[in-house]
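# Structure at a glance
Given next are the chains, with one letter for each unit.
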Amino acid sequence: MPDVPATDARILQADRLDRLFEALIARGYHCVGPTLGEGAIVYDEISGSTDLPRGWTDEQAPGQYRLKKRNDGAYFGYVVGPHSWKKYLFEPQRRLWQLKRAGQRFERTDEPPEPKRYAFIGVRACEIAALRIQDRVFAEGSFVEPGYAKTREQSLVIAVNCTQAAATCFCVAMNTGPEVREGFDLALTEILEPSHHFLIQAGSERGRELLSALPTAPCTAELQQAAKTAVAQASRQTRTMETAGLKELLQKNLESPQWQDIATRCLSCANCTMACPTCFCSSVEDTSDLTGDHAERWQRWDSCFNPDFSYIHGGEVRKTTASRYRQWMTHKLSTWFDQFGSSGCVGCGRCITWCPVGIDLTEEVRKMTQPEGGRA
Amino acid sequence: MESRHAEMVAAQPWLPQPWIVREVIRETADVVTLSLQPGEGAAAMSFGPGQFNMLYAFGVGEVPISISGDPADASRLIHTIRDVGLVSRALCGLQPGALVGVRGPFGSCWPVEAQAGQDVVVAAGGIGLAPLRPVLYHLARHRARYGNVVLLYGARKPDELLFGVELEAWRQAGIQVEVTVDHADAAWRGNVGVATTLIRHARFSPRNAAAFICGPEVMMRFTAAALEERGMAQERLFISMERNMKCAVGFCGHCQLGPEFICMDGPVFAWPRMRRLMAVREL
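Residues numbered from 1 in each chain as written. Chains lettered and ligands numbered in written order. Predicted model: local features only at pLDDT ≥ 70, side-chain atom pairs only at ≥ 80, totals over all residues.

Moving on: helix α7 (residues 221-233) of chain A. Residues and elements named next belong to chain A. The end-to-end C-alpha distance of α7 is 19 Å, a good match for the 18 Å that 13 residues give at a rise of 1.5 Å each. Regarding α7, the residues found buried are A227, A230 and V231. Considered in projection along α7, the buried side chains sweep an arc of 95° and stay on one side of the axis. Facing away from the buried side of α7 by more than 90 degrees, the exposed set consists of A221, E222, Q225, T229, A232 and Q233. Packed against the buried residues of α7 are β10 (186-191) and β11 (197-202). (Helix = DSSP H or I, 4+ residues; strand = E, 2+ residues; numbered from the N terminus. Expected span 1.5 Å × (residues − 1). Buried ≥ 20, exposed ≤ 12 C-beta atoms within 10 Å, placed from the backbone. Arc of directions from axis to C-beta. Contact = placed C-beta atoms within 7 Å.)

Structure below.
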């Protein structure tokens, strides 16, 4: 979606929010967005504002996530949950093909699924950064993943500015948020006082067209200022990461004893990689029926924390948890630059929250940067 | 032809193309060479020495296998496969006429033509001779273009030596062929010892030579170190790496080694790019 200069903000009253859903549905989009489920705020198919987690927020800490009631009617008064948008563009599992062996040829017996047109509703700034990162993996390299590229191209990003940060957020340090600046079709800022409304801006031609169909009013300078103040609150983050020189520092510390230290805590469970909005590793599984003439291939999310991830004949390359954690962290924060020109981390904090033993990436980086005893 | 194949891979990078097994050559007890021809809807492919294909045993699975044929002969597509797992066993068991899925060719090439006028050292350990065979076919065919050419080849046992006919043909073509085994049997009259012990027999000028090395990682590390010691420049040593691969097109993430995707940046690398990474255990 080519970015065009964002339009001036307009005002959409909160009780008119369903007009946005109606406009999206009328244009053939599948609306997906935040909703309550599995004891968390997750992304699922939604059809209107009543599906949103209105009046709920999340409380996050290393290894901890709790839903809490808010004392207001905020629709987007939470930060980020365990899901990320990658599940719609790079599905957790999907069939790549189904083939029949017929003489000297393969007959394709499945109907390749028609890529859906999604409207992603409630995308945060760090999540837009994550989408851009996965674009470079799947759509902008030597090879293009056709399903990803098509779905991404025809999907809409309806962004929401964060107006609060979780204790696990560090997007400011990673320079990805909290303010949505690019990569959106529409961007909303939810303002609760004195009246409940949304500032709404278009960032693309499709967004402009959509905005023109909504019952909006011009935005006053006061409301603009109120929105700025609200977003600024989300900049107050307790966690940070020193990124200057980090790429090189990690390369110098491939043999650091700290990897062993992390391995005494890390369960190698792969939760961090599943929750991470940029982790892109997958595996394939080939199956056949009893006749042996019909076969299919499935792709599934995989993780560098799984022992057989690195299996070649003779054994796994990374046998120990220390080596697997090192692979994950050095890839995310160091070799990602070599491969894709940016960090692989957007500072969303999911890996911290969803680690069952509360390993904190920012803390592990800090220890690597300022090792006790002056090792560097 | 070539571009049509590349287009098919680009449009549907996940979809194997049907190829037919034309000939099966049993090389040793656990190594088989398959000669393939395009099935219906597949296009012949040209490839560079060192490149690989993803070979799909129907319904069983897919593995990366280096092309071991002659790059000048596009009429046949040849892979040499060692039976080491479920998929490679299924591939080794294929009979003439069987359908096999092919995606590729993928990866980087041995920069052999760039060595014209220079000496060339080819060092192979075990099945590592297969990805180097395209280089040797090329060198034998264009022998006059190069200075001294030497093949140093080590296998574990005499009955595991590959490509006996070719070894003799390469000798006839003016390539110095030195062979060793780790464990001799009663009939063996040749060298005994690891591949690096052959370097002292090799006739080449270290300052005007390039080396192409393929074998187990430990063999490649020691061979590269020994050739450096003989005075060869690091950047003129090339090795070919192996890692788990599920896609070969940079999507699946499995084959990473440090910053490199072995599938796209490799499998052939200049030694300086691998030297530091290979020195780190479990990287």
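What follows concerns the domain arrangement of chain A. Residue and element names in this part refer to chain A. When cut into domains, chain A gives domain 1 (10-233) and domain 2 (246-369). Its C-alpha centre places domain 1 at a distance of 25 Å from the equivalent point of domain 2. Contacts between domain 1 and domain 2 engage 38 residues on the former and 32 residues on the latter. Mapped onto the side of domain 1 that touches domain 2, the elements with two or more residues apiece are β5 (64-69), β6 (93-102), α3 (125-138) and α5 (171-174). In terms of residues, the side of domain 1 that touches domain 2 owes the most to one element, β6, which gives nine residues. Each residue belonging to the side of domain 1 that touches domain 2 can be placed in one class, and the counts come to 21 nonpolar, ten polar and seven charged. (Domains from an automatic or database assignment. Nonpolar A, V, L, I, M, F, W, Y, C, P; charged D, E, K, R; others polar.)

On to the sheet that holds strand β5 (residues 77-82) of chain B. All names here are of chain B. Pairing is antiparallel in the open sheet, where six strands are placed in the order β4-β3-β6-β1-β2-β5. In the strand order of this sheet, the two ends are held by β4 (61-66) and β5, each with one partner. On average, each strand axis in the sheet is inclined to that of its neighbour by 40°, with strand direction left out of account. In the sheet, strand β1 (residues 17-28) pairs with strand β2 (residues 31-38) via eight bridges, with the strands oriented antiparallel. Note that in β2 the partner of V24 across the bridge is L34. (Pairing = 2+ DSSP bridges. Axes fitted to C-alpha atoms, helices over the stretch in contact; angles between N-to-C directions.)

Grouped together as the largest cluster of nonpolar side chains are 188 residues, with contacts concentrated most on A:A159, B:V121, B:A211 and B:I239. A total of nine residues in this core trace back to one element, the largest contributor, which is α3(A). (Core = buried A, V, L, I, M, F, W, Y, C linked by C-beta atoms within 7 Å.)

Our next topic: the environment of A:S310. Residues and elements named next belong to chain A. Tracing the backbone through its elements, the reader meets S310 in the loop between β14 (294-301) and β15 (311-312). Classification of S310 as buried rests on a count of 23 C-beta atoms within 10 Å. Measuring from C-alpha to C-alpha, the distance between S310 and V123 comes to 33 Å, with 187 residues separating the pair along the chain.

Now for the environment of B:G231. All names here are of chain B. The residue G231 is located in the loop between α5 (217-229) and β12 (237-240) in this model. Taking the number of C-beta atoms within 10 Å as the measure of exposure, G231 has 10 and is therefore exposed. Sequence spacing of G231 and P206 is 25 residues, and the spatial spacing of their C-alpha atoms is 5.4 Å. Once residues within four sequence positions are removed from consideration, G231 is found in contact with P206 and R207.

With 35 residues of chain B in contact, the opposing surface of chain A contributes 38 residues. Looking at the side of chain B that touches chain A, the elements with two or more residues in it are β1 and β4 of chain B. In terms of residue class, the side of chain B that touches chain A is built from 17 nonpolar, twelve polar and six charged.

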